[in-house]
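A closer look at the structure
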Amino acid sequence: MPQTPLLQGTLDLLILKALSLEPLHGLAVSRRVEQITRGAYSVRPGSLFPALHRLEQHGWLAASWGASEHNRRAKYYRLTPAGRRQLAAETDEWKRVAGAMRAALESA
Amino acid sequence: MRPISMVRHIWRTVAHRRRAELDLDEELHAYIELLAAEHQRAGAGPEAARRAALLATGGIERVKDETRDAWVGESISNAVRAVRHALRSLARSPVYTSTAILTLAIGIGGATAMITIFKGTLLRPLPAVRAPAQLVSVEVVASSGALGEMSYPDFRDIRGETHTLSGLTAYNGTPMQVHDAAGDTRAMVNYVSGEFFSVLGVRAAAGRLLAPSDVVPRTIAPVVVISYRFWQQRFGGAVSAVGSTLDVYGYPLTIIGVAPKGFIGAMNLYPMDLWIPLTMLQPVSNEGDPTARRGDGWFRAVGRLAPGHTVAEAQRELSLIMSRLAATYPEDRGRGIRVFAGAGLASYDRSDVARLPRLVSAAVAMVLLIACANVANLGLVRAAARRRELATRLALGASRRSLAGRLAIEGAILALGAAMLGVALARLAVWRAPFVHTIVAMPDADLSLDWRVVMAAALLALGVAMLVSLAPVSHAMRVSPGAVLKDGAAGAVRRRSRAQRLLVAGQVAASLVLLGAATAVFDAMQRMLTADPGFDGHGVTYAWIDPHTARLDSAGQLAFYRQVLADVRRDANVTEAALTSTPPPQEWSTRASVFRAGEEPSREQLAGHDFDFPIRSYIDNVSPALFAVLHIPLLRGREFTSADDEHAAHVVIVSRRLGEALWPGVNPIGKLLVWPNLSGAPRPPLLVVGEVADTKHASLADAEPPFVMYVPYTQERPTNLSLLVRTRDGAPVSAAWIRRIVAGIAPSARVEEPRPLGSVIAMTLEPQRLASLWIGAFGSLALVLAAVGLYGVVAQGVLQRRRELAVRTALGARPRAIAWLVIGEGLALGAGGAGAGLAASVLAMRLVRAELEGVGAFDARAIAVAAALLTAMVLLACWIPARRAARLDPMVALRVD
């Protein structure tokens, strides 16, 4: 699948977005990101886990241990209310930047 | 991030490290298993799925590392880990660690204690005065260049003219007999000018302090101010003390007030008990009013800088005033003036009292130096031992920077430990007050540790520890790890061992210097103790007798003394008794310039220049039989008799050296000697009637006996006399016995506690005794340190030559030959150091001799003793490694690598 380098800060936003529906464990987060970006991004564990831990420490994610689909104990992440607010704020910010960029690039 | 959440996460990262690590591990393994399950679902076999999952994850340890980096508090945690690692590493070599810490601590502790004692005593600002930084001391420079005290007329003129000083006060102090309701005591009495308390800026604790209006002739209602301590001790702090009467030197003075707590006057080394107007000084002096003559310096002076003026400006202005005075008054001819910043110490105190602390400080500095060298040496030994460990780490990919960081942390831990222990040692040292008083006698010194000193000591420790700890890295950075690892333990590191050898040799040299100095001082003291002082004080008791309080006239005093002598002699146990104004050894006795009759200068020439003439003699007012009491041999002529009384012709007995100086090569008997009187009626020439052997009159430490002349106490009125009694059985006489005799003649006369002359004589050698004790203690310390250093080097040498020694043993060398091989190496080092130390000793001795009287220039015996001690230590230090080398099992040694 084609790989697009992630823009600075986009990984955090993608993870928050990936977790906005339901709590997921690490691998599932990675798969969900691939899915919602239609395969443009695949997150390697060397980037995924530092980001998850960072977001958890910011208080945007909360982690708890749960049983996976194969009855394997896995660590599940979910959005906290603060995380939800952060997602909304970052989404707005992103839209503003993306809109501005598009306008700038499409102007003749 | 919210602060609370941050703290929680830091806590988790740092304190619950294990838990966090386990969680991370499990999380990643779950990831891999889930990934493998995906692969299996896609049709792969279990093994292939697992391999593919591991491959896709890309190294579980790397992921862990990257994730940990995201943790807050990770840097703190890293530091904690590094410290723990360093502690473990130090704990693995307990001998190195404890020796390094203890060595540095002793050096730091000693230096800190000495500086604290200096700052708390000699260098402290005057206690309980306002703004001591504004105070200056003013001293007169005689035409000979010597600094000295100021005459009252000069003081009055300078005080009247100065603008750079907002105030100037004159004072001096002396111990005096004091009598109050509680009985007799001896008190330090300060006689001061009227502005004394206002210049120093102190307020009364009770009553009021002296004011210029109190400085009136002593016949008019004289007053006294007492110190807070005196108030507490003698009056229990009662308010009624103010207004009561205190008898000072036979004069009733009214107490008008109490000085504030902690105030000791203006002499830092001599805390004062009483302050009286300087007009009260007259009865103390037997040469008329000391405040009247411009020629005689009686006073120290302290001034306060006027706002906006500097010491240099005051110096310029006072020099101008002094040069005007010198042009006006012949007594001031050739005189100058010096203004010093700060009050509390006269230049005399600075040079004289500071001698012992200076010597001890030099010894401490040397020990600190040796300590640093020793630690550096230990560090080098350890560095050699760690070469392989460091090389291995480098080979396994540790960065040199992280390695240096680790070693630096070890250094910092060493330094911290040493600084803490050193401060504790210093604290212990200055806390023991008697310990301090062996260096400077000062009862109320402020000896709290100065934190700036502590910081400086800690920084020094840090510097040394860093140097020592980082030495192996600098080496490791130059050499490729492969070379070191291939080299093996047997590869001798020549360059390093040269630095080490130099350090050890330096230590040996330094400790030889210290030991040599200590032995020399000790020898000198023994010599002085056993040397013939020219008189025999054993079995002689002396007591100061003061008839002033009995208010006797001149004839009455003579009658009193005569009667005392007669009554004392009546006792069957008394073989001889005599009176003297200066029982030997007496440092504070009168000296004056003397001349051959007909060659004496005029009184104008003499005024103010008494010190400039070559022959200055001690003057001892004595009764007949003094020479018999003290066993001073009469060389020529006759002793004094009772016929040499106030009505007879004035006579004098000279010491041998004085006779020789005045009339070289000629019999002095029958010559006339002139001892000019500075004021009042001219003194007639004195007929020399006898010549006695020289005595070390002032101090046993004097290199040469001074000039002494003896005059009958009946012909010169001395201020007070001491009674000397020699007993048949040699036992000291009792105070009660003397008091009973004196009370029978004049009930109100005072008697000071009698003391055996022998103990007083030994006391004059106290500085020598203490110096030898201190330098000896530090010298031994230095020797032990040097031995430890030597041991380290020799032991390491054995370690490095293990293979060679094993081969020698295997080839049939006897164990004894092997041991001597090792000892020989140590001895060579010791000898090298001793040679350098010998050369340095010559210089060191010169320093000691300049500071302490009676010490020989080059004391060969002292050096020999020190060298013998050193050799013994060297042999001991080599013995252990040599034994180990001799017992080396070649099979074991060769198999090690």
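Counting of residues starts from 1 at the beginning of each chain's written sequence and follows it residue by residue. Each chain takes a letter, starting from A, and each ligand takes a number, starting from 1, following the order in which they are written. It should be noted that, the model being predicted, local features are given only for residues of pLDDT at least 70 and side-chain atom pairs only at 80 or more, the latter also being counted only at that level, while totals for whole chains, interfaces and linings use all residues. The side-chain values count all of the structure's non-hydrogen atoms but skip hydrogen atoms and water molecules.

**Section: the overall build of chain B**
The helix count covers DSSP runs of H or I at least four residues long, the strand count covers runs of E at least two residues long, and both are numbered beginning at the N terminus. Each helix and strand counted, chain B has 28 helices and 24 strands in total. Relative accessibility thresholds used throughout: buried, under 20% of the residue-type maximum; exposed, over 50%; partly exposed, between the two (1.4 Å probe, protein chains only). Here chain B, with 897 residues, has 53% of them falling under the buried criterion. Once local pairs closer than 6 in sequence are excluded, the contacts in chain B between residues at least 24 apart make up 80%. The contact criterion used is simple: two residues touch if any of their non-hydrogen atoms lie within 4.5 Å.

**Examining the side chain of Arg68 of chain B**
Residues and elements named next belong to chain B. Structurally, the position occupied by Arg68 is in helix 4 (residues 60-70). At 2.7 Å, the side chain of Arg68 forms a polar contact with the side chain of Glu21. Other than its neighbours up to four places away in sequence, Arg68 contacts Arg17, Glu21, Leu24 and Glu74. Polar contact criterion, stated in full: a pair of N or O atoms within 3.5 Å, where within protein one must be able to donate a hydrogen and the other to accept it, and residues adjacent in sequence count only if both atoms are side-chain atoms.

**Observations concerning the packing of aromatic side chains**
Any two of the Phe, Tyr and Trp rings considered here, Trp counted by its six-membered ring, make a pair once their centres fall within 6.5 Å; the pair's planes then place it as stacked at under 30 degrees, edge-to-face at over 60, or tilted in between. Applying the stated rule across the entire model yields 15 aromatic pairs over all chains. Through successive ring pairs, a cluster of aromatic residues spans Tyr171, Phe196, Phe197, Phe263 and Trp275 of chain B. Sitting over a ring, as applied to charges here, requires NZ of Lys or CZ of Arg to be within 6 Å of the ring centre and within 35 degrees of the ring normal. It is Arg73 of chain A that lies over the ring of Trp65 of chain A; its NZ or CZ is 4.4 Å from the centre. For the cation-ring pair, Arg683 of chain B lies above Trp675 of chain B, with the distance from its terminal atom to the ring centre recorded as 3.6 Å.

**Examining a nonpolar patch on the surface**
Residue and element names in this part refer to chain B. Only residues above 30% relative accessible area that lack a salt bridge enter a patch, with like-charged residues linked at up to 9 Å and the nonpolar side chains Val, Leu, Ile, Met, Phe, Trp and Tyr linked at up to 5 Å. The Shrake-Rupley method, run with a 1.4 Å probe sphere, supplies the accessible areas, and residue values consider only the shown protein chains as cover. Salt bridge criterion: a side-chain nitrogen from Lys or Arg within 4 Å of a carboxyl oxygen from Asp or Glu. A surface patch of nonpolar side chains, amounting to about 320 Å² of accessible area, comprises Leu102, Leu421, Leu425 and Leu428. The element contributing the most residues to the nonpolar patch is helix 13 (residues 400-431), with 3 residues. With respect to the secondary-structure elements, Leu428 resides in helix 13. Accessibility expressed as a relative area gives 49% for Leu428, which makes it partly exposed.

**As for the layout of surface pockets**
Residues and elements named next belong to chain B. Here the second largest pocket defines a volume of roughly 790 Å³. Cavities and pockets are defined on a 1 Å grid built over the protein atoms alone: a cavity is a set of grid points where a 1.4 Å probe fits but cannot escape, while a pocket is an open set with protein on both sides within 12 Å along at least five of seven lines, and lining residues are those with an atom within 4 Å of any such point. Forming the boundary of the second largest pocket are 30 residues, of which Val95, Val381, Tyr791, Gly792 and Ala795 lie nearest the centre. Of all the secondary-structure elements, those providing two or more residues to the lining of the second largest pocket are helix 5 (74-92), helix 6 (94-120), helix 12 (355-395), helix 24 (766-800) and helix 27 (860-886). Note that Gly is not counted as nonpolar here; it falls among the polar residues with everything else outside the nonpolar set of Ala, Val, Leu, Ile, Met, Phe, Trp, Tyr, Cys and Pro and the charged set of Asp, Glu, Lys and Arg. Of the residues contributing to the lining of the second largest pocket, the split by class is 18 nonpolar, 5 polar and 7 charged. Grid points are joined across faces, edges and corners, and a volume is the space filled by probe spheres set on the points.

**Notes on the side chain of Arg726 of chain B**
Residue and element names in this part refer to chain B. You can see Arg726 is positioned in strand 22 (residues 721-727). Of note is the side chain of Arg726, whose polar atom sits 2.8 Å from the backbone oxygen of Asp536. In this structure Arg726 touches Asp536, His538, Gly539, Val540, Asn573, Val574, Thr575, Glu576, Ala628, Val629, Leu630 and His631, once residues within four positions along its chain are discounted.

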